Amino acid sequence: MLRVIAPGALCTVQDLGRAGYQRFGVPLGGAMDRVACAIANRLVGNPPTSACVEITAGGAVFEVVEPCVVAVAGADLVATLNGEPLPMWMSVYLATGRRIAFERRRSGARAYLALAGGVDAPVVLGSRSTYLPGSFGGLDGRALQMDDLIRPVPGRSQRDLVRLAGCAWPAAVDYTPLIRILSCQHARDLLPSADVASLTAHPWRVGAASNRIGVRLEGPPIRASQSRDVASFGVFPGVIQLPPDGLPILLMADAQPTGGYPVVAVVIQADLHRAAQALPGDELRLVWTTIGEATQAWRELQRLLALPVEEDDGTALAAASRG
Amino acid sequence: MTDWRILPMGEAAVLAECVLDDAAAANAQALALAGALQPDFEALPAIRSVLVRFDPLRWMADEVAANIRRRVDELAPAAQADGQTLIVPVRYGGVHGPDLCEAAQALGLSVEALVAQHTAQPWRVLMIGFAPGFPYIGPLPASLALPRRATPRPAVPAGSVAIAAGFTGIYPARLPGGWHLIGQTDLKLFDPMREPPTLLQAGDCVQFVAL
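Rules and cut-offs
- Residues numbered from 1 in each chain as written.
- Chains lettered and ligands numbered in written order.
- Predicted model: local features only at pLDDT ≥ 70, side-chain atom pairs only at ≥ 80, totals over all residues.
- Helix = DSSP H or I, 4+ residues; strand = E, 2+ residues; numbered from the N terminus.
- Rg over C-alpha atoms; globule rule 2.2 N^0.38 Å.
- Buried ≥ 20, exposed ≤ 12 C-beta atoms within 10 Å, placed from the backbone.
- Contact = placed C-beta atoms within 7 Å.
- Pairing = 2+ DSSP bridges.
- Axes fitted to C-alpha atoms, helices over the stretch in contact; angles between N-to-C directions.
- Domains from an automatic or database assignment.
- Nonpolar A, V, L, I, M, F, W, Y, C, P; charged D, E, K, R; others polar.
- Expected span 1.5 Å × (residues − 1).
- Arc of directions from axis to C-beta.

(A) Quick look at the overall build of chain B. Counting its secondary structure elements, chain B contains 4 helices and 13 strands. Computed over the C-alpha atoms, the radius of gyration of chain B is 18 Å, within 12% of the 17 Å expected from 2.2 N^0.38 for a compact globule of 211 residues. With the C-alpha coordinates aligned to their principal axes, the bounding extent of chain B is approximately 55 × 35 × 30 Å. Taking all 211 residues of chain B together, the buried fraction comes to 49%. Considering only residue pairs separated by 6 or more positions, chain B has 59% of its internal contacts joining residues 24 or more positions apart.

The structure is reproduced here in structure tokens:
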């Protein structure tokens, strides 16, 4: 069990979200970087549906109040254990009194802290994910605050715990800020004058209003002469909408399940975790791809997520005792 | 089948859009299609379309499209969901509906006539979207069709009953909004601790009653 000493920019409880509730207007939600969340859970022996703490941009500090096994994956936020580097992509045993800190952004935006047993929180609409705009899920529907306790779901014995430590992830996750997209007939029909090809002509800056709902892409606007009113239709994370101001919005985890703006392109599902690691001010490049390549990339990602974890080589325990 | 257009949306989704002119019929078809696709596919009905998401390692978009076409052909021509009818008591105007007078004026109606039309018949819930539990209700006749307000409000109170873009809706929570607020109800439309979480589902009917 951990206690929040400082929540930093933003920490929330997230799992894989609320599939099946979109017809009630409920966003899918869940971890922005589902790949890192899944790997962190695998490393501590959790099922993939377990909740993690999503740590955004650094500044977060936690204190261990009961021994536990954790794993950190995703962004490199300079994670430390009592001031020493905390190995990422590896499960680590933490004794009471230790402090782990996520000091600052070195690369990426969101790190995932998995806790053996899974982070406990009430299941709301099939998920423990925090949905901030709706104030439900996670811990009372809000971001983590100082003195919050991060408890594991009850059921694991201490002896189990020690055995879980020291597992390492055997492969690297590719976080190149290059996002592959597929073209969409939707905008070609609705906005024939829009220069959709220019999506890939230059890098896009991630706008200040970007958040878990969407990444706002800033650059030369894609002007379109006319746009007829469209009846709202189902959308999902990865859809790139073009509002009338011509600045594309990439929908992310907390996006509303329906939208009415023309869809200019769709990010391939295998690259969404890359977009999840961008913060305002960062640059993202888009590049066209094919359905065949998108499917192959998804197959490779599923293979990566199914890799067996590497058992203890002593590093993690050594790191833990050093701290 | 010519009434449908099927568009791939990336490698793992297609959007099936009903292009019938009759908005009510198009919505009924979309709801029926979504029902027919479940549980084989994750199907999300909206106003006149169904978003179908699938695992690209199991299905190709062409196969999903063929599957949709087959089910469309099997839909009853007059398919209409048998939803329940919910009575929604509304306090119209005043502090409860600050835009009522302005909306009536814009429509060329008296306030009484607007309320009379709004409560004249049950309307269909076409979709839940925009925010958790927000129902798009209608389609409203041309006599009640108004564009959205020029400037959206940063916060609309929960329970606000509103009209815009040929629909009427009810804000389930305090939300930003650009619709014209004509009244307010005490009904709690969305509760995440309830299963299902919404009072209304697509296909249900709503009868507004003036308090």
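(B) Structural view of the sheet that holds strand β1 (residues 4-8) of chain B. Residues and elements named next belong to chain B. The 4 strands are arranged β1-β2-β4-β3 in an open sheet whose pairing can be described as antiparallel. Edge strands, defined here as strands with exactly one partner in the open sheet, are β1 and β3 (42-45). Sheet twist, expressed as the average angle between the axes of neighbouring strands with direction ignored, equals 20°. Relative to strand β2 (residues 13-18), β1 runs antiparallel, the two sharing 5 bridges. What sits directly across from Leu-7, in β2, is Leu-15.

(C) Summary view of the domain arrangement of chain A. All names here are of chain A. Splitting chain A by domain gives domain 1 (2-169 + 309-322) and domain 2 (178-304). For domain 1 and domain 2, the distance between their C-alpha centres works out to 28 Å. Residue-level contacts link 20 residues of domain 1 with 15 residues of domain 2. Secondary-structure elements contributing two or more residues to the side of domain 1 that touches domain 2 are α1 (34-43) and β10 (107-115).

(D) Region of the structure containing the sheet that holds strand β6 (residues 123-128) of chain B. All names here are of chain B. Here 7 strands make up a closed barrel; going around it, the order is β5-β12-β9-β10-β7-β6-β13 and the pairing mixed. Averaged over all pairs of adjacent strands, the angle between their axes in this sheet comes to 40°, without regard to strand direction. Across 4 bridges, the pairing between strand β9 (residues 160-164) and strand β10 (residues 167-170) is antiparallel. If you follow Ala-162 over to β10, its bridge partner there is Gly-169.

(E) Inspection of the domain arrangement of chain B at higher detail. All names here are of chain B. By domain assignment, chain B separates into domain 1 (4-74) and domain 2 (85-210). Summarising the inter-unit geometry, the C-alpha centres of domain 1 and domain 2 are found 28 Å apart. Contact with domain 1, which involves 7 residues of that partner, is made by 8 residues of domain 2. The dominant element in the side of domain 1 that touches domain 2, judged by the number of residues it contributes, is helix α1 (residues 23-37), at 4 residues.

(F) Broad picture of unusual backbone geometry. For the peptide bond that leads from Gly-138 of chain B to Pro-139 of chain B, omega is -5°, which places it in the cis range. Note on placement: Pro-139 of chain B falls in the loop between β7 (135-138) and β8 (153-156). For Trp-89 of chain A, which is not glycine, the phi torsion reads 55° and is therefore positive. Residue position: Trp-89 of chain A is located in the loop between β7 (84-85) and β8 (91-94).

(G) Spatial organisation of the interface of chain A and chain B. Each side of the interface is counted separately: chain A has 34 residues, and chain B has 34 residues. For the side of chain A that touches chain B, the element with the most residues is helix α5 (residues 291-305) of chain A, which contributes 6 residues. Taken together, the residues that form the side of chain A that touches chain B break down as 19 nonpolar, 13 polar and 2 charged.

(H) Looking closely at the environment of Tyr-136 of chain B. Residue and element names in this part refer to chain B. You can see Tyr-136 is positioned in strand β7. C-alpha separation for the pair Tyr-136 and Ala-164, spaced 28 residues apart in sequence, amounts to 9.9 Å. Among all residues touching Tyr-136, those that are not within four sequence positions of it are Ile-47, Leu-126, Met-127, Gly-129, Phe-167 and Gly-169.

(I) Summary view of the pairing of strand β5 (residues 85-92) of chain B. All names here are of chain B. Here β5 pairs with strand β13 (residues 205-210) via 6 bridges, running parallel. The residue bridging Val-90 from the neighbouring strand is Ala-210, located in β13. Relative to strand β12 (residues 180-184), β5 runs antiparallel, the two being bridged by 2 bridges. Paired with Arg-91 across the two strands is Gln-184, which belongs to β12.

(J) Region of interest: helix α2 (residues 61-74) of chain B. All names here are of chain B. Along its 14 residues, α2 runs 20 Å from first to last C-alpha, staying within 8% of the 20 Å computed at 1.5 Å per residue. Every buried residue belonging to α2 is among Ala-61, Val-64, Ile-68, Arg-71 and Val-72, and all of these are buried. Projected down its long axis, α2 shows its buried positions confined to an angular sector of 105°, all on one face. Turned more than 90 degrees away from the buried face of α2, the exposed residues are Asp-62, Glu-63, Ala-66, Arg-70, Asp-73 and Glu-74.

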